[in-house]
Amino acid sequence: MVDFLRRSWAVVDLDCIDYNIRSIKQKLKPGCMIMGVVKADAYGHGDKYIADELVRLGVNWFAVSNLTEAMSLRNQGIYHPILILGTTPPNKAKQLCEYNITQAVFSLEYAKKLQQQAQRAGVTVACHIKVDTGMGRIGFEADQDMDTAVEEIAQVCQYSNLRCDGIFTHFSSSDEYNDDSIDYTRQQYECFMKTCDELQKRGIHFMIRHCCNSGGIVNYPEFHLDMVRAGVLIYGLVPDKACEGKIDLKPAMQLHSVISMIKEVKAGAKLSYGRTFTADHDMRIATVPIGYADGYHRSLSNRGRMLVNGHFANIVGRICMDQLLLDVTGIPELSDGMQITIVGEEDGKRITMEEIAAMTDTVHYEIMCVIGKRVPRVYRRGGKDIGVVDYVRHMVE
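The rules behind these values
- Residues numbered from 1 in each chain as written.
- Predicted model: local features only at pLDDT ≥ 70, side-chain atom pairs only at ≥ 80, totals over all residues.
- Heavy atoms only, no water.
- Helix = DSSP H or I, 4+ residues; strand = E, 2+ residues; numbered from the N terminus.
- Rg over C-alpha atoms; globule rule 2.2 N^0.38 Å.
- Buried < 20%, exposed > 50% of the residue type's maximum accessible area, 1.4 Å probe, protein only.
- Contact = heavy atoms within 4.5 Å.
- Lys, Arg positive; Asp, Glu negative; His and termini not counted.
- Charge placed at Lys NZ, Arg CZ, Asp CG, Glu CD.
- Salt bridge = Lys/Arg side-chain N within 4 Å of Asp/Glu carboxyl O.
- Axes fitted to C-alpha atoms, helices over the stretch in contact; angles between N-to-C directions.
- Parallel < 35°, antiparallel > 145°, perpendicular 65-115°, else oblique.
- Left-handed = near helix turned anticlockwise from the far one by under 90°.
- Nonpolar A, V, L, I, M, F, W, Y, C, P; charged D, E, K, R; others polar.
- Disulfide = S-S within 2.5 Å.
- Arc of directions from axis to C-beta.
- Core = buried A, V, L, I, M, F, W, Y, C linked by side-chain atoms within 4.5 Å.
- Expected span 1.5 Å × (residues − 1).
- Phe/Tyr/Trp six-rings, centres within 6.5 Å; stacked < 30°, edge-to-face > 60°.
- Lys NZ or Arg CZ within 6 Å of the ring centre and 35° of its normal.

## With respect to the overall build of the protein
Each helix and strand in the protein was counted, giving 11 helices and 23 strands. Taken over C-alpha atoms, the radius of gyration comes to 24 Å for the protein, in line with the 21 Å a tight globule of 397 residues would show. Counting only C-alpha atoms, the protein reaches 80 × 45 × 40 Å along its principal axes. Buried residues in the protein amount to 55% of all 397 residues. Long-range contacts, defined here as pairs at least 24 residues apart, represent 65% of the contacts in the protein between residues at least 6 apart. The average position of the 45 basic charges and that of the 50 acidic charges among the side chains of the protein differ by 4 Å.

## Some words on the pattern of salt bridges
Throughout the structure, instances matching the rule amount to 22 salt bridges. In this structure, Lys 373 engages Asp 41 in a salt bridge whose closest nitrogen and oxygen atoms are separated by 3.1 Å. Placement of the pair is Lys 373 in the loop between α11 (364-369) and β21 (377-381) and Asp 41 in helix α2 (residues 39-43), with a sequence separation of 332 residues. The exposure class assigned to Asp 41 is buried, which follows from its relative accessible area of 12%.

## A few points about the packing of helix α7 (residues 146-156) against helix α8 (residues 179-201)
The packing of two helices is summarised by the inter-axis angle and the distance between the axes. α8 packs onto α7 with a crossing angle of 50° between their chain directions and a minimal axis gap of 10 Å. One finds that α7 runs oblique with respect to α8. Note on packing geometry: the crossing formed by α7 with α8 is right-handed. Every residue of α8 that contacts α7 at Met 146, Val 150, Ile 153 and Ala 154 is listed here: Cys 191, Lys 194, Thr 195, Glu 198 and Leu 199. The residue inventory of the contact of α7 with α8, partitioned by class, reads 6 nonpolar, 1 polar and 2 charged.

## Describing the environment of Cys 164
Following the sequence through the fold, Cys 164 ends up in strand β8 (residues 162-168). A relative accessible area of 13% places Cys 164 in the buried class. Once the C-alpha coordinates of Cys 164 and Ile 82 are considered, the two residues, 82 residues apart in sequence, prove to be 14 Å apart. Not counting the four nearest positions on each side in its chain, Cys 164 is found in contact with Cys 127, Ile 129, Val 156, Cys 157 and Phe 206.

## A look at the state of the cysteines
Throughout this description, disulfide means a covalent bond between two cysteine sulfur atoms. Within the structure shown, the criterion is met by 0 disulfides. Here Cys 32 stays unpaired: no disulfide links it, and the sulfur of Cys 212, its closest cysteine neighbor, is 8.0 Å away. No disulfide involves Cys 164; its sulfur sits 4.1 Å from the nearest other cysteine sulfur, which is in Cys 157.

## A closer look at the packing of helix α6 (residues 108-121) against α7
Contact geometry for α6 and α7: axes closest at 10 Å, N-to-C directions at 5°. By the angle class used here, α6 and α7 are roughly parallel. Mapping the contact onto sequence places Leu 108, Ala 111 and Lys 112 in α6 and Glu 152, Gln 155 and Val 156 in α7. Considered class by class, the residues forming the contact of α6 with α7 number 3 nonpolar, 1 polar and 2 charged.

## Re the environment of Leu 325
Its location among the elements puts Leu 325 in strand β18 (residues 324-327). Along the primary structure Leu 325 and Ile 21 are separated by 304 residues, whereas in three dimensions their C-alpha atoms are 38 Å apart.

## Considerations on helix α4 (residues 67-75)
If you check which residues of α4 are buried, you get Leu 67, Glu 69, Ala 70, Leu 73 and Arg 74. Take α4 and look down its axis: the buried residues cluster within an arc of 165°, on one side only. Among the exposed residues of α4, those oriented more than 90 degrees off its buried face are Thr 68 and Asn 75. Against α2, α3 (47-56), β3 (61-64), β4 (82-84) and α5 (93-98) lie the buried residues of α4.

## Re the nonpolar core
Of all hydrophobic cores here, the largest spans 128 residues; its most connected members are Ile 24, Ile 129, Val 156, Tyr 296 and Leu 326. In this structure, Ile 24 is in contact with Ile 34, Ile 217, Ala 230, Leu 233, Ile 234 and Ile 247, ignoring residues within four places of it in sequence.

## Details of α8
With 23 residues, α8 extends 33 Å from end C-alpha to end C-alpha; this agrees with the ideal 33 Å at 1.5 Å per step. Among the residues of α8, Ser 181, Ile 182, Thr 185, Gln 188, Tyr 189, Cys 191, Phe 192, Met 193, Thr 195, Cys 196 and Leu 199 are the ones counted as buried. Looking at the buried side of α8, the elements it contacts are β6 (125-132), α7, β8 and β9 (208-212). In the segment just after α8, Gly 203 is the residue with positive phi, at about 85°.

## Notes on the packing of aromatic side chains
Summed over all chains, the structure comprises 9 aromatic pairs. A ring pair is formed by Phe 4 and Trp 9, whose centres lie 5.5 Å apart and whose planes are at 55°; its orientation type is tilted. For the pair Phe 4 and Trp 9, one class covers both residues: buried. One aromatic cluster is present, formed by Phe 171, Tyr 177, Tyr 189, Tyr 220 and Phe 223 through successive ring pairs. Above the ring of Tyr 177, the side-chain terminus of Lys 246 is found at 3.9 Å from the ring centroid.

Spelled out as structure tokens, the structure:
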């Protein structure tokens, strides 16, 4: 039996991950590789179990945000190629080489420093060139000055201690499928391809070209090139409503808690911090041990809802750091210790990441990523719990 504290916990269904990867593969042309984006602890799902599953399913590469995330994968036995999408201090060149990690190179200045440090350490760093075609974050600014970008990239590709195997860009609006966003995405793609063509004229060839994120995978199959970067699709969610109905997915994560106490309150009772809720009739209240320190947004106070015994129950009063209150008036057969659903489905009723995101004026990406480290991730396959990651106890089983 998988052992974990049944306070509040997330369930990650690996069968759903399997289903989603198969759906992604159906979108791709033969030979197109998949880079699984597992940054931010695999979008809150837990990097170890997710990466292991993706290896089993034939994913070719992994992408992370930083060196620490990359080293975490390596230390957990993941030996597939890993690309760091963001910056790494140049003085970490030796670690990049020792751990066989590929670094995004996004400017001439950065490349010079990385080359110097790699040369000093006597190592060669694998790199993918990042081209900015209109996202505006990092990258050689081909959208602003194509000639300069090509010249600088060509210079970087001559550095003896940098091995430039790939080139990529990132779409800003590929998930939004309106005329303006379609035009902008096509402009980005054309800018990227022109950059690659100009470099090829100089005799510079790249083994791997990639530009499609999750939105690009769904909406622009003609742009898939050598590899695509699958992020939120892996976890069973589309990046935007414009992608709905274009790919079949299953959300991999559910979030649960329990009832810790049930009590009756009289009309006029004031509940939780700040007395922001006053009962206007006699009510039955359940205390639930989850709060904003677990990643459940305080802005859901007096707004959110959960599933209790197959019924929706509204949050009343302010959400605290560790606990919150539900109105369970009229819901039958309740008891202390009963499991409830925060994200997921019960008796045909559902609460989604998207619903919570809409209530908190954010995106569903954030809802997944901010689930706290004291919430164990429990892994399920074939309807059975097979493992757990408990961050607080530093336990993986």
